[in-house]
Amino acid sequence: MNVAYIPVRGGSKSIPLKNIKPINGRPLVYWTVRAACGCRDIDKVYIATDSDRIRETVESFQKGSEAELFSKAEVIGRSAESASDTASTEFAMLEFAAEYEFDNIVLVQATSPLLQSADLDRGFEAYREEGVDSVLSVVREKRFHWAEDAEGYAAPTNYDVFHRPRRQEFDGYLVENGAFYICSKEALLATKNRLSGHIKAVEMHPDTSFEIDEPSDWIIIEALMKKNGITAPSEIPEIKLFLTDCDGCLTDGGMYYSEKGDELKKFNTRDGMGFSFLRERGVKTGIITSESVGLNRRRAEKLKLDALEAGCKDKKAAVLRLCKEYGIGPEAVCYVGDDVNDIEAIRMVGYGCCPADARPEVKAEADYVTVAKGGEGVIREVIDRLINGE
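Bear in mind that the values here come from a model prediction, so they are computed numbers and not experimental data.

(A) Spotlight on the overall build of the protein chain. Helix and strand counts for the protein chain stand at twelve helices and 19 strands. When contacts within the protein chain are restricted to residue pairs at least 6 apart in sequence, long-range pairs at least 24 apart make up 68% of them. Surface accessibility of the protein chain: about 19,100 Å² in total, with carbon and sulfur atoms responsible for 47%. Of the charged side chains in the protein chain, 51 are positive and 67 negative, and the gap between their average positions amounts to 6 Å.

Following this line, the structure appears as structure tokens:
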């Protein structure tokens, strides 16, 4: 029996809740779980986590249009010790091996969303070769390496400066990209290491040399995913009720005051056109805001919205109240919010969205994070996505 083991922990110093933060329209962990589930040689995919939120996120993959693909996946727990900042990946693997039965294990790193099922297929092909004990994924890089000696002088380590090779003539060198490793349970327990014996390297596309460790990596990898056509099917449900927070979504969240002390807000006219598109399609619309000011009411009236829940302290309850009033289930609701008091509503509805400058905690829960910032056409962007189905 071949199993995939994907360790994902809730704690992350550089990027909070990194493993479920959306990248290219899906939580980070989605991409490697999908790749592992799609590998013909993997019988079971275990996602080990110490976080209830990660558990809920991964289990949600099995409720959508790709439920059959994700049928191999199972979320399991892991100890606090194995999920600590100082614990090694081997420690977590050994903890897993002590409790579960399998013949061979492929360690898959959630921080490598460019990994594809075909890469894992090639990994197992290499693993089945005679004499091979373990496999790792690598990329070939054609760069010239230098090192300093004890006196601080530099010297090349992989070429001769008097015979500098042309790139097309240079074999380069292999670099671990951290995407996957394959070994037997027997070897893992005996050596306490993911690699041992005769090791085979499987080359992956050069783009996969990037792993997500820092925020800048996120930007690079998301662009590479788009370039390489790595996408997921649309999971947008049929929306019958569209609700949004006001400040930070319809506006930029700023408070402007005239010399007379009048409070002013900046709205985006493109959002108004978006609401008219929904009205033409019979979709109910509304604003749910913690503020209770006349300016918001006037804007709601001008937009011809169906509902305005002002001075709202419990937005989840307000959404449920409107659902009951209109006879619409929460799964048919789209809600747009930007701050922590919107999280419960975003979690509950069928399609939760937030602006690009929303709080990180909100982005981690949203189904879709807009390109636009608050007040810059966020609502129109979401509505266009709803109408176009992508």
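(B) Seen up close, the sheet that holds strand E17 (residues 333–336). Reading across the sheet, the six strands line up as E16-E15-E12-E17-E18-E19 and stay open at both edges, with parallel pairing between neighbours. The open sheet has two free edges, formed respectively by strand E16 (307–309) and strand E19 (368–369), since each of these has just one partner strand. Pairing between strand E12 (residues 241–244) and strand E15 (residues 284–288): four bridges, direction parallel. Across the sheet, the residue bridging to Leu241 is Lys284, located in E15.

(C) Summary view of the sheet that holds strand E4 (residues 44–49). With mixed pairing, the seven strands of this open sheet are ordered in space as E5-E4-E1-E6-E10-E7-E11. If you trace the sheet from one side to the other, it starts and ends with strand E5 (73–77) and strand E11 (199–203), each paired once. On average, each strand axis in the sheet is inclined to that of its neighbour by 30°, with strand direction left out of account. Bridge count for E4 against E5 is five bridges, and the pairing is parallel. Paired with Thr49 across the bridge in E5 is Gly77. Contacts from helix H2 (residues 52–60) reach E4 and E5, with the element oriented near 170° to E5.

(D) Fine view of the environment of Gly352. With respect to the helices and strands, the residue Gly352 is situated in strand E18 (residues 351–354). Take Gly352: its relative accessible area is 0%, and that puts it in the buried class. Those residues in contact with Gly352 that lie beyond four places of it in its chain are Tyr335, Ile346, Ala366, Asp367 and Tyr368.

(E) Broad picture of the environment of Arg26. With respect to the helices, strands and loops of the structure, Arg26 is situated in strand E3 (residues 26–27). A relative accessible area of 14% places Arg26 in the buried class. When the C-alpha atoms of Arg26 and Ala366 are compared, they prove to be 9.4 Å apart, with 340 residues separating the residues in sequence.

(F) Focus on a nonpolar patch on the surface. Together, Phe144, Trp146, Val161 and Phe162 make up a nonpolar patch on the protein surface, roughly 440 Å² of accessible area in all. Relative to the assigned elements, Phe162 resides in the loop between strand E9 (154–156) and strand E10 (173–184). Of the residues examined, Phe162 reaches a relative accessible area of 72% and is grouped as exposed.

(G) Spotlight on unusual backbone geometry. Of note in this structure, Lys192 is not a glycine but carries a positive phi near 60°. By secondary structure assignment, the location of Lys192 is in the loop between helix H5 (185–191) and E11. The exposure class of Lys192 is exposed, given its relative accessible area of 52%.

(H) Summary view of helix H3 (residues 89–97). Those residues of H3 that fall on the buried side of the exposure criterion are Glu90, Ala92, Met93, Phe96 and Ala97. For H3, the buried positions fall inside an angular range of 160° around the axis, keeping them on one side.

(I) Spotlight on the nonpolar core. Grouped together as the largest cluster of nonpolar side chains are 47 residues, with contacts concentrated most on Ile6, Ile42, Val106, Leu120 and Phe180. If you tally residues by element for this core, the top one is helix H1 (residues 28–37), at eight residues.

(J) Molecular detail of helix H4 (residues 117–127). With respect to burial, H4 is a largely interior element, eight of its eleven residues being buried. Listed as buried for H4 are Ser117, Asp119, Leu120, Asp121, Gly123, Phe124, Ala126 and Tyr127. Elements that come into contact with the buried residues of H4 comprise strand E1 (2–7), H1, strand E6 (104–108), strand E7 (134–141), E10 and E11.

(K) Seen up close, the pairing of E17. Covered by surrounding structure in E17 are Val333 and Tyr335 together with Cys334 and Val336, the residues of both alternating faces. Pairing of E12 with E17, which is carried by four bridges, proceeds in the parallel orientation. Paired with Leu243 across the bridge in E17 is Tyr335. With three bridges connecting them, E17 and E18 associate as parallel partners. Pairing of Tyr335 across the sheet is with Gly352, part of E18.

(L) Inspection of the packing of aromatic side chains at higher detail. Enumeration according to the criterion identifies 13 aromatic pairs in this entry. Ring centres of Tyr30 and Trp31 lie 4.9 Å apart, and the angle between their planes is 90°; on these two criteria the pair is classed as edge-to-face. Trp31 matches Tyr30 in its accessibility class, with the two residues each being buried. Centre to centre, the rings of Tyr46 and Tyr100 are 5.0 Å apart; their planes meet at 55°, and the pair counts as tilted. Highlighted residues: Tyr46 in strand E4 and Tyr100 in the loop between H3 and E6, separated in sequence by 54 residues. Among the aromatic residues, ring-to-ring pairing joins Tyr5, Tyr46, Phe96, Tyr100 and Phe102 into one connected group.

So, how was this worked out
Residues numbered from 1 in each chain as written. Predicted model: local features only at pLDDT ≥ 70, side-chain atom pairs only at ≥ 80, totals over all residues. Heavy atoms only, no water. Helix = DSSP H or I, 4+ residues; strand = E, 2+ residues; numbered from the N terminus. Contact = heavy atoms within 4.5 Å. Areas by Shrake-Rupley, 256 points an atom, 1.4 Å probe, with all protein chains shown as cover. Lys, Arg positive; Asp, Glu negative; His and termini not counted. Charge placed at Lys NZ, Arg CZ, Asp CG, Glu CD. Pairing = 2+ DSSP bridges. Axes fitted to C-alpha atoms, helices over the stretch in contact; angles between N-to-C directions. Buried < 20%, exposed > 50% of the residue type's maximum accessible area, 1.4 Å probe, protein only. Patch = residues over 30% accessible without salt bridge, like charges linked within 9 Å, V, L, I, M, F, W, Y side chains within 5 Å. Salt bridge = Lys/Arg side-chain N within 4 Å of Asp/Glu carboxyl O. Arc of directions from axis to C-beta. Core = buried A, V, L, I, M, F, W, Y, C linked by side-chain atoms within 4.5 Å. Phe/Tyr/Trp six-rings, centres within 6.5 Å; stacked < 30°, edge-to-face > 60°.

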